[in-house]
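As a plain string of letters, each chain reads:
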Amino acid sequence: MEGGSSGSDGGGGGMGKTATWMKLHSPMYDRATRHPFILGISDGSVDLSAFKRWLAQDYIFVREFVPFLASILLKACKHSDDESDMEVLLGGMAALSDELAWFRKEASKWDVNLAGVIPQKANMDYCSFLQSLMLPEVDYAVVITAFWAIETVYQESFSLCLHSSSKTPEELMETCQRWGNTSFGHYCRSLQKIADRCLEKAPSDIIKRAEEAFIRVLEHEINFWNMSFAE
Ligand SMILES: Cc1ncc(CN)c(N)n1
């Protein structure tokens, strides 16, 4: 599985918690990573108005994603036992700055007015979920698991559109490359290793909360893709 299987040992030889959950919750995981919106891009049948709706809503989401990642960085400073976590997360923050600039450029290419976008319910619900994870009492292992899952759903989804058999329209290739490229795949695997390392040492109640956060991310991602089809 692209972006998943090669980082599945959690660094300890056996299967890490994250890979176990991907398997255990595979029907929902597949619904998040092989959504009809993504399949439509990859077979060329996507409705461009759905793409524009997704683009506008995702810009709002990514703006909320910045304070979410900042809150994870803060927790890494305080609670991580591995200094390299900071490097990985700072790389992610730099990528988000680039991502926001890309959204503005892409929106102008598609004539989407980002200033006038009204966030839809699924987007607001997802952003509220991020805010609930930003609270200081939410454990680092839980938030890093959620962060890994959020990034991985996009990586796996968009990498599908880059397969040699896909018929992704030329004008959507840049979007698919943004998240489907191999370097973003390596980044996701680095996040997965951090999550697995934290989960290995975590008590059972934190492991349970991290699994719940993983499932909630999948639900929100499915609802987010669904939003692109809503008028
Ligand atoms: C909804 C959503 N999920 C994930 C990503 C990838 N950062 C995103 N841009 N938007």
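Residues numbered from 1 in each chain as written. Predicted model: local features only at pLDDT ≥ 70, side-chain atom pairs only at ≥ 80, totals over all residues. Heavy atoms only, no water.

Under the annotation held in an unreviewed UniProt entry, the chain carries the name aminopyrimidine aminohydrolase and is attributed to Canna indica. Quoted verbatim from the Catalytic activity (unreviewed entry) heading of the UniProt record, the comment on the chain is "4-amino-5-aminomethyl-2-methylpyrimidine + H2O = 4-amino-5-hydroxymethyl-2-methylpyrimidine + NH4(+)". Note on the chain: under the UniProt heading Pathway (unreviewed entry), the record states "Cofactor biosynthesis; thiamine diphosphate biosynthesis." (UniProt positions renumbered as here; feature names shortened; annotations may be inferred.)

## Section: the overall build of the chain
When its secondary structure is counted, the chain shows 10 helices and zero strands. Its helices and strands taken in sequence order, the chain reads α-α-α-α-α-α-α-α-α-α from the N to the C terminus. A compact globule built from 231 residues would reach a C-alpha radius of gyration of about 17 Å, and the chain, at 17 Å, matches this within 12%. On the principal axes, the C-alpha backbone points of the chain span a range of 50 × 35 × 30 Å. A separation of at least 24 residues holds for 85% of the contacts in the chain among residues at least 6 apart in sequence. Only carbon and sulfur atoms are counted for the fraction: they give 55% of the accessible area of the chain, which is about 10,500 Å². For the chain, the distance from the average site of its 22 positive side-chain charges to the average site of its 32 negative ones is 2 Å. (Helix = DSSP H or I, 4+ residues; strand = E, 2+ residues; numbered from the N terminus. Rg over C-alpha atoms; globule rule 2.2 N^0.38 Å. Contact = heavy atoms within 4.5 Å. Areas by Shrake-Rupley, 256 points an atom, 1.4 Å probe, with all protein chains shown as cover. Lys, Arg positive; Asp, Glu negative; His and termini not counted. Charge placed at Lys NZ, Arg CZ, Asp CG, Glu CD.)

## Brief notes about the UniProt feature "domain: Thiaminase-2/PQQC" (unreviewed entry) in the chain
Here the UniProt feature "domain: Thiaminase-2/PQQC" (unreviewed entry) sits at residues 25-228. Regarding residues 25-228, the helix share stands at 78% and the strand share at 0%, and the terminal C-alpha atoms are separated by 24 Å.

## Looking at the nonpolar core
In terms of nonpolar packing, the biggest core is built from 78 residues, with W54, L89, I144 and F147 touching the most fellow members. Ranked by the residues each element gives to this core, the list is headed by helix α4 (residues 48-79), at 15 residues. Residues contacting L89, with those up to four places away along its chain left out, are L69, I72, L73, A76, Y140, I144, F147 and L191. (Core = buried A, V, L, I, M, F, W, Y, C linked by side-chain atoms within 4.5 Å. Buried < 20%, exposed > 50% of the residue type's maximum accessible area, 1.4 Å probe, protein only.)

## Let's talk about helix α7 (residues 140-160)
For α7, spanning 21 residues, the distance from its first C-alpha to its last is 30 Å, which sits close to the expected 30 Å at 1.5 Å a residue. Summarising burial for α7: 21 of the 21 residues are buried, a large majority. Structurally, the start of α7 carries an N-cap: the backbone nitrogen of A141 is 3.0 Å from a side-chain oxygen of D139. (Expected span 1.5 Å × (residues − 1). Polar contact = N/O pair within 3.5 Å; in protein donor to acceptor, adjacent residues only side chain to side chain.)

## Re the packing of aromatic side chains
Using the criterion set out here, one finds 28 aromatic pairs in the structure. A centroid spacing of 6.2 Å and a plane angle of 65° characterise the contact between F68 and F147, whose relative ring orientation is edge-to-face. Note that F68 is positioned in helix α4 and F147 in helix α7, a separation of 79 residues in sequence. Given a relative accessible area of 0%, F68 falls into the buried group. With relative accessibility at 0%, the residue F147 sits in the buried group. (Phe/Tyr/Trp six-rings, centres within 6.5 Å; stacked < 30°, edge-to-face > 60°.)

## Some thoughts on the site of the ligand
Every residue lining the ligand is accounted for by D58, F61, V62, F65, E99, Y126, I150, E151, Y154, W179, E221 and F224. One nitrogen or oxygen atom from the side chain of Y154 is found 3.2 Å from a nitrogen atom belonging to the ligand. Out of a free accessible area of 290 Å², the ligand has 100% covered by protein chains. Of all the elements in the fold, those that place two or more residues in the shell around the ligand are α4, α7 and α10 (204-227). (Near = heavy atom within 4 Å.)

## Comments concerning the packing of α7 against α10
Here α7 crosses α10 at 35°, and the two axes come no closer than 9 Å. Of the two possible hands of crossing, α7 and α10 adopt the one that is right-handed. When α7 is examined against α10, the residues A141, V142, T145, A146, W148, A149, I150, V153, Y154, S157 and F158 are found in contact with a partner set consisting of I206, R209, A210, A213, F214, V217, L218, E221, F224 and W225. Tallied by class, the residues present in the contact of α7 with α10 amount to 17 nonpolar, two polar and two charged. (Axes fitted to C-alpha atoms, helices over the stretch in contact; angles between N-to-C directions. Left-handed = near helix turned anticlockwise from the far one by under 90°. Nonpolar A, V, L, I, M, F, W, Y, C, P; charged D, E, K, R; others polar.)

## Focus: the side chain of E99
Counting through the fold element by element, E99 comes out in helix α5 (residues 84-109). The side chain of E99 sits in the buried core without any salt bridge; R178 is the nearest counter-charge, 4.4 Å away. Among the polar contacts made by the side chain of E99, one reaches the side chain of W179 at a distance of 3.5 Å. (Salt bridge = Lys/Arg side-chain N within 4 Å of Asp/Glu carboxyl O.)

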